[in-house]
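# Fold and contact review
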Amino acid sequence: MIEGCENLKITYLSTGTMSVQAPTRHPVTGATKITVSVNAQVWDVGGLLPEVVASIGPVQYSAIGDTQTTAENSAIKLAAEKAGELIVSGLQQANAR
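In short, a report on the structure. Treat the numbers as computed from the prediction; the structure is a model and nothing was measured. (Residues numbered from 1 in each chain as written. Predicted model: local features only at pLDDT ≥ 70, side-chain atom pairs only at ≥ 80, totals over all residues. Heavy atoms only, no water.)

This next bit is on helix α2 (residues 68-93). Taking 1.5 Å per residue as the helical rise, α2 with its 26 residues ought to reach 38 Å, and the 37 Å between its terminal C-alpha atoms agrees with that figure. Here α2 has its buried residues at Ala 71, Ala 75, Ala 79, Ala 83, Ile 87 and Gly 90. Next to the buried residues of α2 lie β1 (12-20), β3 (32-44) and β4 (51-65). Note on α2: the residue one or two positions beyond its end, Asn 95, has a positive phi of about 55°. (Helix = DSSP H or I, 4+ residues; strand = E, 2+ residues; numbered from the N terminus. Expected span 1.5 Å × (residues − 1). Buried < 20%, exposed > 50% of the residue type's maximum accessible area, 1.4 Å probe, protein only. Contact = heavy atoms within 4.5 Å.)

Written as structure tokens, this is what we have:
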């Protein structure tokens, strides 16, 4: 992958995982609760050796919903938004351009 990025003159490569855990019930409301775990890294592949310039995780985000699908969609959307914010913050701290 890194060799392909070098050949295409791509400076940054991002890798990561998002795992959806089994549904549970919220103890008070009885609604379906879904938790999503996120890990992500951004690599600078433009130099001599690849190096991680920003990373997160594992971090978890949860959401509840009337159905499992609603809870999953909400948890995935929340996890993606928050993970994106954290990665952008990490890139800004690393002065990535």
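Per the counting criterion, the structure on display carries one salt bridge. Note that Lys 82 and Glu 85 form a salt bridge whose closest N and O atoms lie 4.0 Å from each other. You can see Lys 82 and its partner Glu 85 sitting in helix α2, three residues apart, about one turn around the helix. Judged by relative accessible area, Lys 82 falls into the partly exposed class, the value being 34%. (Salt bridge = Lys/Arg side-chain N within 4 Å of Asp/Glu carboxyl O.)

What follows covers unusual backbone geometry. Each neighbour pair has its own omega, and for Gly 57 with Pro 58 the value is 0°, a cis peptide bond. Counting through the fold element by element, Pro 58 comes out in strand β4. Here the phi dihedral of Lys 9 falls at roughly 60°; this positive angle occurs in a residue that is not glycine. By the secondary structure assignment, Lys 9 is in the loop between α1 (2-7) and β1. For Asn 95, which is not glycine, the phi torsion reads 55° and is therefore positive. Looking at where Asn 95 falls in the secondary structure, it is placed in the segment after α2.

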